[in-house]
Amino acid sequence: MSDDIIQDENHIIAERRAKLAKWREASQAYPNDFRREHLAQPLHEAYGALETEALDAAPITVSIAGRIMLKRVMGKASFVTIQDMSGRMQLYVTRDTVGEEIYADFKTWDIGDIVGTTGALFKTKTGELSVKSESIRLLSKCLRPLPDKFHGMADVEQRYRQRHLDLITSEESKKTFIARSKLVSAVRKYMDGNGFLEVETPMMHPIPGGASAKPFITHHNALDMQMFLRIAPELYLKRLVVGGIEKVYEINRNFRNEGLSPRHNPEFTMMEFYEAYADYTLLMNFVEGLLRHTAREALGTEVFQYQGRELDISKPFDRLTMVQAVLKYCPEFTESQLADEAWLRAQLAERKALPKGAQGDNLGLGSLQLLFFEETAEAQLWNPTFIIDYPVETSPLARASDKNPGITERFELFIVGREIANGFSELNDPEDQAARFQAQVTAKDAGDEEAMYYDGDYIRALEYALPPTGGCGIGIDRLIMLLTDSPAIRDVILFPQMRPE
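Everything quoted here is computed from the prediction, not taken from an experiment.

## Looking at the UniProt feature "domain: Aminoacyl-transfer RNA synthetases class-II family profile" (unreviewed entry) in the chain
Step number 1: Listed under "domain: Aminoacyl-transfer RNA synthetases class-II family profile" (unreviewed entry) in the UniProt record, and renumbered for this structure, are residues 180-500.
Step number 2: As annotated, residues 180-500 comprises 35% helix and 21% strand, and the C-alpha atoms at either end are separated by 27 Å.

Below, the structure written as structure tokens:
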């Protein structure tokens, strides 16, 4: 921001503070006794089609309040547009109706001030439904100027840092977050309608678990112990399945100490759900149904545009292994190459995608294929695609396949090149799980900061018998990005993490 702009803004703030001081001297500033009885949009819907004569014949008195967004003072009469949570309404304010003293004060009010008014509805000569103010009051003084009404908030970072201004000035932004709320409600409706019970599990964990990620570390003073913000609720939710809550879900925040990007925020919303006596194939069918239901609720269709390109989720989703996906989307590679550890290592090293040191040296064929898939084919999965059968070494909580012990009954769902969901048949053998945890400890000792800890209490829970179970996590933020045509995760999180100014 230039020095001239800062000086101009400081001058405006000083003028407005002087107006506030006069208001304090004359009356009670910031009153709280005005009672709003109507909202703008419902009034437009109910009375916008009425003719002027009908409104004059049977006057409709309303009490409405909101923020001044436009103001045209014309001598003894003025037009003001206010904005409330539902939309905008024009007010017609005249000296003869509200009184000379009030009208004189009104002319000093600024764009951004919050006002309340009572009056009758009428139509202007141009046919716009408006309120003819019989009384009007200043309810809250806006001391800082709003962004330019024509250009809005041109600085994208400012929109994220000052979301309150973004919501005031951008109707599209407000619509996105209203849509977010409705989408989450639609997800809950689908889960509840399918017999799942919503629960809440701890946000602070003595041992981070349920995903491969680097945790945030904190300290509990009273217990004098290190704790971790949760990276996933999985291990707690599966304890509940052990306890007999056989269809369970949670929508809540996870925290992962990772970088910022268009698809990553260190604090994000996930839904995880678990169902006893289900496997990963049933879960894939369920996820397809959930996504179609949510799209219909949000958009009224299962075929829509995302960033200018059509996306159709009405058809059965593809189901491919990592190798099949690479062969389909990158035909320059061969199946024999993808089965060659040395070739994969050389390719990944060339792309700077191979972990250094012992961590990279210890990777098996499955892990190398996963890294190569992520480097080559993942971003090309525009249409909904389940990538299935992940290697055991990259899936420490998933059940191994009976047909091929080296892979797990696991899927990840990709849409527009992004992971949307991750699910699997749960590993319910406590001895196998203990061995997997131990392998993760070995990986952590080798330098893998995202490897899991050994959770002995969870092993003890499994020893009470977890029934055959399927579980899945869905990234709510990424789903909302998809259904609101938003390019970045920060567009769908009200207050995303930002670097210091």
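## Comments concerning helix H15 (residues 365-376)
Step number 1: Here H15 spans 16 Å end to end across 12 residues, near enough to the 16 Å set by a 1.5 Å rise per residue.
Step number 2: Within H15, burial applies to Gly366, Ser367, Leu368, Gln369, Leu370, Leu371, Phe372, Phe373 and Thr376.
Step number 3: For H15, the elements touching its buried residues are helix H11 (322-329), helix H12 (335-338), helix H13 (341-350), strand S15 (385-388) and strand S16 (410-415).

## Quick word on the sheet that holds strand S18 (residues 469-475)
Step number 1: Strand order in the open sheet made by the 8 strands is S6-S10-S11-S18-S17-S16-S15-S14, with mixed pairing throughout. The strands lining the two open edges of the sheet, one partner per strand, are strand S6 (197-198) and strand S14 (318-321).

## Some details on the environment of arginine 345
Step number 1: You can see arginine 345 is positioned in helix H13.
Step number 2: Between the C-alpha atoms of arginine 345 and leucine 282, which are 63 residues apart in sequence, the distance is 35 Å.
Step number 3: When sequence neighbours within four positions are dropped, the list of residues in contact with arginine 345 reads Leu354, Gly360, Asp361, Leu363 and Leu368.
Step number 4: Reaching out from arginine 345, the side chain makes a polar contact with the backbone oxygen of glycine 360 at a distance of 2.8 Å.

## Re the UniProt feature "binding site: Mg(2+) 1" (unreviewed entry) in the chain
Step number 1: With numbering aligned to this structure, UniProt lists the feature "binding site: Mg(2+) 1" (unreviewed entry) at Glu412 and Glu419.
Step number 2: Classification of glutamate 412 as buried rests on a relative accessible area of 9%.
Step number 3: Not counting the four nearest positions on each side in its chain, glutamate 412 is found in contact with Thr385, Phe386, Ile387, Tyr390, Glu419, Ala421 and Asn422.
Step number 4: Note on placement: glutamate 419 falls in strand S17 (residues 418-425).
Step number 5: Take glutamate 419: its relative accessible area is 26%, and that puts it in the partly exposed class.
Step number 6: Sequence-distant contacts of glutamate 419, that is, excluding residues within four places in its chain, are made with Glu412, Leu413, Phe414 and Arg478.

## Considerations on the nonpolar core
Step number 1: Within the largest apolar cluster, 43 residues are counted, with the highest numbers of intra-cluster contacts made by Met271, Phe273, Val287, Phe411, Leu413 and Ile474.
Step number 2: The biggest single contributor to this core is helix H10 (residues 280-299), with 8 residues.

## Some points on the sheet that holds strand S9 (residues 225-229)
Step number 1: Pairing is antiparallel in the open sheet, where 3 strands are placed in the order S7-S9-S8. At either end of the open sheet lies a strand with only one pairing partner, and these are strand S7 (204-205) and strand S8 (217-220).
Step number 2: Of the strand pairs in this sheet, S7 and S9 are connected by 2 bridges, and their pairing is antiparallel. Across the sheet, residue methionine 204 finds its bridge partner in S9, namely leucine 229.

## Things to note about the pairing of strand S10 (residues 247-255)
Two faces belong to every sheet, and in a regular strand the side chains alternate between them.
Step number 1: Of all 9 residues making up S10, 7 are buried, and the element is well covered by its neighbours.
Step number 2: Of the strand pairs in this sheet, S10 and strand S11 (residues 267-276) are connected by 9 bridges, and their pairing is antiparallel. Bridge pairing links glutamate 250 to glutamate 272 in S11.

## Description of unusual backbone geometry
Step number 1: The phi dihedral of glutamine 307 falls on the positive side, at around 50°, and the residue is not glycine.
Step number 2: Within the secondary structure, glutamine 307 sits in the loop between strand S12 (303-306) and strand S13 (309-312).
Step number 3: Accessibility expressed as a relative area gives 43% for glutamine 307, which makes it partly exposed.
Step number 4: Of note in the backbone geometry, aspartate 389 takes a positive phi value of approximately 65° without being a glycine.

## Comments concerning the packing of aromatic side chains
Step number 1: Taken as a whole and judged by the stated rule, the model has 19 aromatic pairs.
Step number 2: Ring geometry for tyrosine 306 and tryptophan 382: centres 6.2 Å apart, planes at 50°, overall tilted. Here the residue tyrosine 306 occupies a position in strand S12, and tryptophan 382 occupies one in the loop between H15 and S15, the gap between them amounting to 76 residues. With respect to class, tyrosine 306 is no different from tryptophan 382; both count as buried.
Step number 3: Taken together, Tyr190, Phe196, Phe273 and Phe286 form an aromatic cluster joined through their ring pairs.
Step number 4: The ring of phenylalanine 122 has lysine 132 lying over it, and the distance from NZ or CZ to the ring centre is 5.1 Å.

## Structural notes on the pattern of salt bridges
Step number 1: The final tally for this structure, using the stated rule, is 32 salt bridges.
Step number 2: Salt-bridge contacts for lysine 328 lead to aspartate 318; the nearest nitrogen and oxygen are separated by 3.1 Å. Taken together, the positions of lysine 328 in helix H11 and aspartate 318 in strand S14 put the pair 10 residues apart, joining distant regions of the chain.
Step number 3: Judged by relative accessible area, which is 45%, lysine 328 ranks as partly exposed.
Step number 4: Taking relative accessible area as the criterion, aspartate 318 reaches 28% and is therefore assigned partly exposed.
Step number 5: Its salt-bridge partner being aspartate 432, residue arginine 436 comes within 3.3 Å of it at the nearest N-O pair.

## Quick word on the packing of H11 against H15
Axes are the key here: two packed helices are described by the angle between their axes and the distance separating the axes.
Step number 1: Look at H11 against H15: their axes get within 9 Å of each other, and the N-to-C directions meet at 35°. H11 and H15 meet at a crossing whose hand is left-handed. Residues Met322, Val323, Ala325 and Val326 of H11 touch H15, and the partners they reach there are Gly366, Gln369, Leu370, Phe372, Phe373 and Thr376.
Step number 2: Tallied by class, the residues present in the contact of H11 with H15 amount to 7 nonpolar, 3 polar and no charged.

## Thoughts on the environment of glutamate 9
Step number 1: Within the element layout of this structure, glutamate 9 appears in helix H1 (residues 3-26).
Step number 2: On the basis of relative accessible area, glutamate 9 is assigned to the partly exposed category, the value being 26%.

## Overview of the pairing of S17
Step number 1: Along S17, 6 of the 8 residues are buried, which leaves the element largely enclosed by surrounding structure.
Step number 2: Two strands pair when backbone bridges link them, and S16 and S17 are joined in this way by 6 bridges, in the antiparallel orientation. Within S17, the residue paired with phenylalanine 411 across the bridge is glycine 423.
Step number 3: Taken together, the 5 bridges between S17 and S18 define a ladder with antiparallel strand orientation. Residue pairing across strands places phenylalanine 424 opposite glycine 471, the latter belonging to S18.

Definitions and cut-offs
Residues numbered from 1 in each chain as written. Predicted model: local features only at pLDDT ≥ 70, side-chain atom pairs only at ≥ 80, totals over all residues. Heavy atoms only, no water. UniProt positions renumbered as here; feature names shortened; annotations may be inferred. Helix = DSSP H or I, 4+ residues; strand = E, 2+ residues; numbered from the N terminus. Expected span 1.5 Å × (residues − 1). Buried < 20%, exposed > 50% of the residue type's maximum accessible area, 1.4 Å probe, protein only. Contact = heavy atoms within 4.5 Å. Pairing = 2+ DSSP bridges. Polar contact = N/O pair within 3.5 Å; in protein donor to acceptor, adjacent residues only side chain to side chain. Core = buried A, V, L, I, M, F, W, Y, C linked by side-chain atoms within 4.5 Å. Phe/Tyr/Trp six-rings, centres within 6.5 Å; stacked < 30°, edge-to-face > 60°. Lys NZ or Arg CZ within 6 Å of the ring centre and 35° of its normal. Salt bridge = Lys/Arg side-chain N within 4 Å of Asp/Glu carboxyl O. Axes fitted to C-alpha atoms, helices over the stretch in contact; angles between N-to-C directions. Left-handed = near helix turned anticlockwise from the far one by under 90°. Nonpolar A, V, L, I, M, F, W, Y, C, P; charged D, E, K, R; others polar.

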